[in-house]
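Single-letter residue listing:
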Amino acid sequence: MSAREDVLSRVRHALAGSAAPGPVPRDYRAAGEHPPGSPELLDLLADRLVDYRAGVRRTAAAGLPAAVAAAVDEGLAGRDLHGEPLCLVVPPGLDRAWLAAVPGQVVVDGQDRLLGALELDRLHGVVTGATVAVAETGTIVLDGSADQGRRALSLVPDLHVLVVQAGQVVATVPEALARLTPTRPLTWISGPSATSDIELVRVEGVHGPRSLQVVLVED
Amino acid sequence: MSVDLGMPVTAPRGVGHLRGEESFPVAARRALADPQLRRNIGKATGTIRDKRLRVVGEVPDWEQLRTAGKAVKADVLARLPELLEQLEQAFTAAGGQVHWARDANDANRIVTELVQATGADEVVKVKSMATQEIGLNEALEAAGIAAWETDLAELIVQLGHDRPSHILVPAIHRNRAEIREIFLREMGAVGRAPDPDLTDEPARLANAARLHLREKFLAARVAVSGANFAVAETGTLSVVESEGNGRMCLTLPQTLITVMGVEKLVPTWRDLEVFLQLLPRSSTGERMNPYTSMWTGVTPGDGPQEVHLVLLDNGRTAALADEIGREALQCIKCSACMNVCPVYERTGGHAYGSVYPGPIGAVLSPYLTGVQDNASLPYASSLCGACLEACPVKIDLPSMLVELRHRHVEADRDEHALPTAERVAMAAASWVMADPARYAAAQRGSRVGRLLARRGRIGRLPWPLSGWTSARDAPAPPAETFRAFWARTRGPGS
């Protein structure tokens with residue numbers, strides 16, 4: 001008997017004669033009080049993100065390039081660039097106008113070829129869009145769309161500037177899941193990389209980007 | 001020993017980490033004698049308890065989520081065969097390969113062969129209880145493959161040649177000064193050494209781990225992970241983490257091997273909405289953990305292009321076959337039960353022997369191995385009920401502990417011709433209490449116990465009663481029994 005048949009047979013034996021459980025009660029909240037994109041949700045999202053020690057900027061669409069430039073500035077403040085000129089990476093589908101006010105070089109992933117992990121490690125930061133954000137938990141989800149890029153892009157560089165549009169902000173986890181495509185590679189981000197492994201003291205910044213700068217675009 | 005194929009079997013001996021080398025009371029006594037350990041664990045569990053209460057308190061529908069979570073998990077177990085087949089089909093259709101492992105030996109062999117097939121001689125690992133349970137690192141090492149733990153706490157445990165003592169924060173028994181020493185002493189031998197002027201500030205220690213492990217992440221060709229959830233309908237796997245080491249392992253290498261217990265399924269995508277709310281608040285006391293990754297097979301041009309899933313039994317079907325033990329398989333490994341347990345808080349995790357400590361470990365380990373192999377664990381509890389209250393899927397741990405004690409006593413009676421001291425004492429008590437005259441005489445006799453007492457307490461009784469007083473004082477019997485008091489004040493016959 002193959003291991004597969006053996007394990008499945010064991011499971012069937014184990015369950016033989018058991019009664020089927022009842023239906024799953026789903027009387028928990030399916031949605032929050034406020035509709036997606038409402039000012040209350042943007043306030044809540046900003047509050048949660050700040051609690052995680054992420055930087056948060058709010059801007060109208062017209063102010064986006066300036067806000068992105070300020071986010072890059074803040075995210076790299078105190079970082080030693082070893083005398084190199086500032087160099088950021090963006091996914092292929094990101095609107096380049098967002099970076100109009102950023103001084104320095106911008107590399108587009110996949111323009112000539114996909115960048116290797118070692119190359120990404122030498123870049124100073126990445127700017128991406130988002131798919132959906134959960135206000136109650138301060139979470140932003142990326143799904144690998146053209147403005148968000150493959151997963152390594154938003155992981156290896158030390159600064160992640162994340163641009164979230166107001167309409168992408170929902171209140172609760174169930175609302176966010178309903179907007180996502182399960183088969184895409186998904187990354188749920190709630191603040192910068194952190195650990196509580198030493199005496200349960202939270203320390204921001206381990207392996208993921210040590211600085212997360214969120215730009216909320218209101219309209 | 002002959003094994004019927006297709007019948008549930010407990011986890012095999014001689015491999016993995018489900019059994020301790022000594023019983024809980026013996027190991028606990030040593031842990032209790034270590035004041036540093038008690039301070040470290042007391043401080044850490046106190047911190048996390050407060051955090052959990054704060055973030056659970058702000059969720060208005062927490063009880064409804066718990067009820068739903070429990071119901072989903074019960075449904076998973078009841079429909080496990082069809083859901084496993086559904087998962088296999090979906091994961092395979094998305095470009096992944098599924099492997100089945102009856103036990104730890106099967107799983108270790110499968111993973112070792114998969115790594116060997118890539119030609120790699122090292123792997124990076126995401127923290128995973130399943131691979132701890134089966135002793136995968138040792139199996140890989142025996143095959144000449146180095147396994148690098150990349151979770152900060154697991155790294156501390158691995159570099160310290162130590163054992164994990166908590167399922168979420170495996171180095172909870174270490175304080176910052178100890179961690180600094182371990183890093184300075186051990187890191188250089190296996191990779192990038194820390195700055196010699198490393199301090200014990202947690203941020204500096206975390207940075208030392210970042211620099212040490214980044215070299216490994218950027219060079220790794222194979223990663224091994226566990227999974228927090230697998231969605232049967234879509235074939236999606238998920239890892240919930242904080243540091244980004246999980247993302248590194250799940251994204252950068254060419255090959256990804258995930259080892260997962262067969263019970264970690266959820267039926268539908270929508271079911272994640274329950275567990276992604278329950279798990280982070282219950283485990284780290286955060287509204288959401290920093291990173292959650294979800295992947296479905298292979299995504300061309302993004303992440304590992306060869307993905308494997310090893311579905312592990314290793315005693316789970318034996319637990320499933322038990323109508324009461326089955327409930328232990330609903331566990332989502334959040335660790336809330338150990339953080340609130342007054343026993344765990346004092347002894348720490350090592351005393352439990354198994355990789356699963358605390359209340360859930362005291363239940364799950366005996367069900368996976370058979371109660372005779374972890375006979376002392378069901379007694380590692382005061383039955384106070386704090387674990388049931390904290391459990392996000394409402395596992396009735398106290399009732400299961402009582403049931404396992406009952407099983408152990410029954411099994412013990414069947415196995416031993418000679419009665420135990422406890423059974424002699426219980427039989428004697430039953431004979432004495434069955435007759436009022438005998439009971440009164442025994443009570444008068446018990447006053448002799450006052451001769452042994454100091455300041456109202458008896459610290460040590462002679463054998464066989466020493467079993468009772470080795471771990472606790474007995475109160476001195478009163479000078480006058482209630483029956484004597486009644487007879488004296490109300491007169492005979494009243």
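Treat the numbers as computed from the prediction; the structure is a model and nothing was measured. (Residues numbered from 1 in each chain as written. Chains lettered and ligands numbered in written order. Predicted model: local features only at pLDDT ≥ 70, side-chain atom pairs only at ≥ 80, totals over all residues.)

Attention now goes to the overall build of chain B. Of the regular secondary structure elements, chain B holds 22 helices and 12 strands. Taking 2.2 N^0.38 as the reference for a compact globule, 494 residues should give roughly 23 Å; the C-alpha atoms of chain B span a radius of gyration of 26 Å, in line with that estimate. Considered along the principal axes of its C-alpha atoms, chain B spans approximately 95 × 55 × 50 Å. Within the span of chain B, comprising 494 residues, buried residues form 52% of the whole. Restricting to contacts in chain B with at least 6 residues of sequence separation, those with at least 24 account for 75%. (Helix = DSSP H or I, 4+ residues; strand = E, 2+ residues; numbered from the N terminus. Rg over C-alpha atoms; globule rule 2.2 N^0.38 Å. Buried ≥ 20, exposed ≤ 12 C-beta atoms within 10 Å, placed from the backbone. Contact = placed C-beta atoms within 7 Å.)

Assigned domains within chain B: domain 1 (24–316) and domain 2 (422–490). Placing a centre on the C-alpha atoms of domain 1 of chain B and another on those of domain 2 of chain B gives a separation of 51 Å. (Domains from an automatic or database assignment.)

Here we come to the interface of chain B and chain A. Counting from both sides, the interface comprises 79 residues of chain B and, opposite them, 61 residues of chain A. Of all the elements, helix α3 (residues 62–78) of chain B adds the most residues to the side of chain B that touches chain A, at nine residues. The residue inventory of the side of chain B that touches chain A, partitioned by class, reads 44 nonpolar, 21 polar and 14 charged. (Nonpolar A, V, L, I, M, F, W, Y, C, P; charged D, E, K, R; others polar.)

All right, on to the sheet that holds strand β5 (residues 229–231) of chain B then. Taken in spatial order, the eight strands line up as β8(A)-β5(A)-β6(A)-β9(A)-β9(B)-β6(B)-β5(B)-β8(B) in an open sheet, and their pairing is mixed. The sheet is open, and its two edges are formed by β8 (169–170) of chain A together with β8 (265–266) of chain B, each paired on a single side. Of the pairings in the sheet, the one linking strand β9 (residues 186–189) of chain A to strand β9 (residues 291–295) of chain B comprises four bridges and is antiparallel in character. Bridge pairing links Leu186(A) to Met294(B) in β9(B). (Pairing = 2+ DSSP bridges.)

This next bit is on the pairing of strand β10 (residues 306–312) of chain B. Residues and elements named next belong to chain B. Here β10 lies mainly inside the structure; six of its seven residues are buried. Looking at chain direction, strand β7 (residues 255–261) and β10 are connected through seven bridges and run parallel. Paired with Ile257 across the strands is His308, a residue of β10.

Further remarks concern the packing of α3(B) against helix α12 (residues 272–283) of chain B. Residues and elements named next belong to chain B. Between α3 and α12, the least distance of the axes is 9 Å, while the angle of their chain directions is 120°. With respect to their mutual orientation, α3 and α12 come out oblique. For the element pair α3 and α12, the recorded crossing hand is left-handed. Together, Leu65, Arg66, Ala68, Gly69 and Val72 of α3 and Val274, Phe275, Gln277 and Leu278 of α12 make up the contact between the two elements. Of the residues that constitute the contact of α3 with α12, the class distribution is six nonpolar, two polar and one charged. (Axes fitted to C-alpha atoms, helices over the stretch in contact; angles between N-to-C directions. Parallel < 35°, antiparallel > 145°, perpendicular 65-115°, else oblique. Left-handed = near helix turned anticlockwise from the far one by under 90°.)

Another point: unusual backbone geometry. Glycine aside, a negative phi is what most residues show, and trans is what most peptide bonds show. Residues and elements named next belong to chain B. Despite not being glycine, His161 shows a phi value in the positive range, around 50°. In this structure His161 comes out as exposed when scored by C-beta crowding, with 8 C-beta atoms within 10 Å. You will see that Lys394, though not glycine, has its phi angle at about 50°, which is positive. If you trace the backbone, Lys394 turns up in the loop between α17 (386–390) and α18 (397–415). Lys394 gets classed as partly exposed once you count the C-beta atoms within 10 Å, which come to 18.

The strands making up a sheet are joined through hydrogen bonds of the backbone, oriented either antiparallel or parallel. Residue and element names in this part refer to chain A. The strand order across the open sheet formed by six strands is β1-β12-β7-β4-β2-β3, and the pairing between neighbours is parallel. Each edge of the sheet is formed by a strand with only one pairing partner; in this case those strands are β1 (55–60) and β3 (105–108). Taken pair by pair, the neighbouring strands of this sheet meet at an average axis angle of 25°, ignoring direction. Pairing of strand β2 (residues 87–90) with β3 involves four bridges; the strand directions are parallel. Within the sheet, the bridge partner assigned to Cys87 lies in β3 and is Gln105. The sheet contacts of helix α2 (residues 39–51) involve β1 and β12 (211–218), and relative to β1 the element is tilted by about 155°. Sheet strands touched by helix α3 (residues 64–76): β1, β2, β4 (125–128), β7 (159–165) and β12. Its angle to β12, the strand with the most contacts, is close to 165°.

We now examine the environment of Glu149(B). Residues and elements named next belong to chain B. Note on placement: Glu149 falls in strand β3 (residues 146–149). Along the chain, Glu149 and Gly46 lie 103 residues apart, while their C-alpha atoms are 27 Å from each other. Every residue in contact with Glu149, bar those within four places of it in the chain, is listed here: Lys125, Glu154, Leu155 and Gln158.

A turn of α-helix holds 3.6 residues, and therefore any two residues three or four places apart point the same way. Between its first and last C-alpha atoms helix α4 (residues 80–93) of chain B spans 20 Å; for 14 residues at 1.5 Å apiece the expected length is 20 Å, and the two agree. Burial in α4(B) covers these residues: Leu80(B), Leu83(B), Leu84(B), Leu87(B), Glu88(B), Ala90(B) and Phe91(B). Its buried side turned inward, α4(B) meets α1 (3–15) of chain A together with α3, β1 (97–101), β5, β8 and β10 of chain B. The positive-phi residue at the C-terminal boundary of α4(B) is Gly95(B), with phi of around 100°. (Expected span 1.5 Å × (residues − 1).)

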